[in-house]
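Architecture at a glance
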Amino acid sequence: ITAVSVSPDGQFGLAGSNFGNLTLWSLKSEKLIKTFTRNTGPIAAVAFTPNGKYVLAGGAGYILKMWNVSTGKEFRDFVPNPISLEAVALSKDGRYILAGGKGPKFALWDLKVKSLKATTLNSPGIIENFSFSQNGRYFLTSGVRLRLWNLLDRSYVRDFKVKSVFVESAKFSPDDQLIASVGWT
């Protein structure tokens, strides 16, 4: 298992593996519910949409795929060429998707735009994780730097000074006033 996510209602767990398997589990019964077909290699990042109706998975193959949870059918592909996928996040309202990884580029999709063309942004080095603010105005990228971005105009705001050499993950507090991060030195 290389990536996990819990559904917004806490009923299901989603697991991705190096073998390319994407599985949905009941957290109450601990039973396998569904296996989603993915033909593009190892999975490094998984997520549920905020309404729990869809799941996303990305990794090797440079394609982010979305499936309908109830039918198990593939719903949409997102191709953030040429971005390696190690991390994925959805905004709280489900409108935006962030995906990125080993390279300095990452992709931002606005699902309300019909073309679904990704906006490509640059960040220094590897991106390990993304986090959206509760108010939907900002997002964080963590990796070699902890960086704050303005979601509305897609601009870099600032870097945060941290004691870690590498920031594994960072999250906004519920009131967006604080940011917690974890990393290693």
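Refer to the preceding data block for the structure.
Residues numbered from 1 in each chain as written. Predicted model: local features only at pLDDT ≥ 70, side-chain atom pairs only at ≥ 80, totals over all residues. Heavy atoms only, no water.

Notes on the overall build of the protein chain
Inclusion rule: Numbering of helices and strands runs from the N terminus, with a helix taken as a DSSP run of H or I at least four residues long and a strand as a DSSP run of E at least two residues long. C-alpha atoms define the radius of gyration in this analysis, and the globule rule sets the expected value at 2.2 Å times the number of residues to the power 0.38. A simple rule labels every residue: compare its accessible area, found with a 1.4 Å probe on the protein chains alone, to the largest value its type can have, and call it buried under 20%, exposed over 50%, or partly exposed in between. Two residues qualify as a contact provided that any one of their heavy atoms is within 4.5 Å of a heavy atom in the partner residue. All accessibility values rest on the Shrake-Rupley procedure with a 1.4 Å probe; residue burial counts only the protein chains present in the view. Just so you know, the count uses Lys and Arg for positive and Asp and Glu for negative, and it drops His and the chain ends. Note on charges: their place is set at NZ of Lys, CZ of Arg, CG of Asp or CD of Glu.
For the protein chain, the count of helices and strands is zero helices and 18 strands. The C-alpha atoms of the protein chain give 16 Å as radius of gyration, which agrees with the globular expectation for 185 residues (16 Å, within 12%). In the protein chain, which comprises 185 residues, the share counted as buried stands at 45%. A separation of at least 24 residues holds for 34% of the contacts in the protein chain among residues at least 6 apart in sequence. With an accessible surface of roughly 9700 Å², the protein chain has 52% of that area assigned to carbon and sulfur atoms. Distance between charge centres in the protein chain, computed from 23 positive and 13 negative side chains, equals 3 Å.

Concerning the layout of surface pockets
If you roll a probe as big as a water molecule over the atoms, it shows you where there is empty space left. Which entries qualify depends on this criterion: Method remark: on a 1 Å grid restricted to protein atoms, a set of points is classed as a cavity if a 1.4 Å probe fits but cannot get out and as a pocket if it is open with protein on both sides within 12 Å along at least five of seven lines; lining residues have an atom within 4 Å of a point. Grid points are joined across faces, edges and corners, and a volume is the space filled by probe spheres set on the points. Throughout this entry, Asp, Glu, Lys and Arg are counted as charged residues, while Ala, Val, Leu, Ile, Met, Phe, Trp, Tyr, Cys and Pro are counted as nonpolar. The remaining residues, Gly among them, count as polar.
Estimated volume of the largest pocket: approximately 620 Å³. Lining the largest pocket are 28 residues, with Val46, Val88, Ala89, Asn129 and Lys171 positioned closest to its centre. Residue assignment for the lining of the largest pocket shows that the elements contributing at least two residues are β1 (3–6), β5 (43–48), β9 (87–90), β13 (127–132) and β17 (166–172). Of the residues contributing to the lining of the largest pocket, the split by class is 17 nonpolar, six polar and five charged.

Looking at the side chain of Ser17
Put simply, the rule reads: Throughout this description, a polar contact denotes any pair of N or O atoms lying within 3.5 Å of each other; where both atoms belong to protein, one of them has to be capable of donating a hydrogen while the other can accept it, and for residues adjacent in sequence the pair is counted only when both atoms sit in side chains.
Mapped onto the fold, Ser17 is located in the loop between β2 (12–16) and β3 (22–26). Engagement of the side chain of Ser17 in a polar contact is seen with the backbone nitrogen of Phe19, the distance being 3.1 Å. When sequence neighbours within four positions are dropped, the list of residues in contact with Ser17 reads Ile1, Thr2, Pro42 and Ile43.

Some remarks on the packing of aromatic side chains
Where we set the bar: Put simply, two rings from Phe, Tyr or Trp (the six-membered ring, in Trp's case) pair if the centres are within 6.5 Å, and we call them stacked under 30 degrees between planes, edge-to-face over 60, tilted for the rest.
One pass over the structure, following the stated rule, counts ten aromatic pairs. An angle of 80° between the planes, with centres 6.0 Å apart, marks the rings of Phe106 and Phe139 as edge-to-face. Of this pair, Phe106 sits in strand β11 (residues 105–110) while Phe139 sits in strand β14 (residues 138–143), and the two are 33 residues apart along the sequence. Residue class for Phe106 comes out buried when judged on its relative accessible area of 0%. For Phe139, a relative accessible area of 0% puts it in the buried group.

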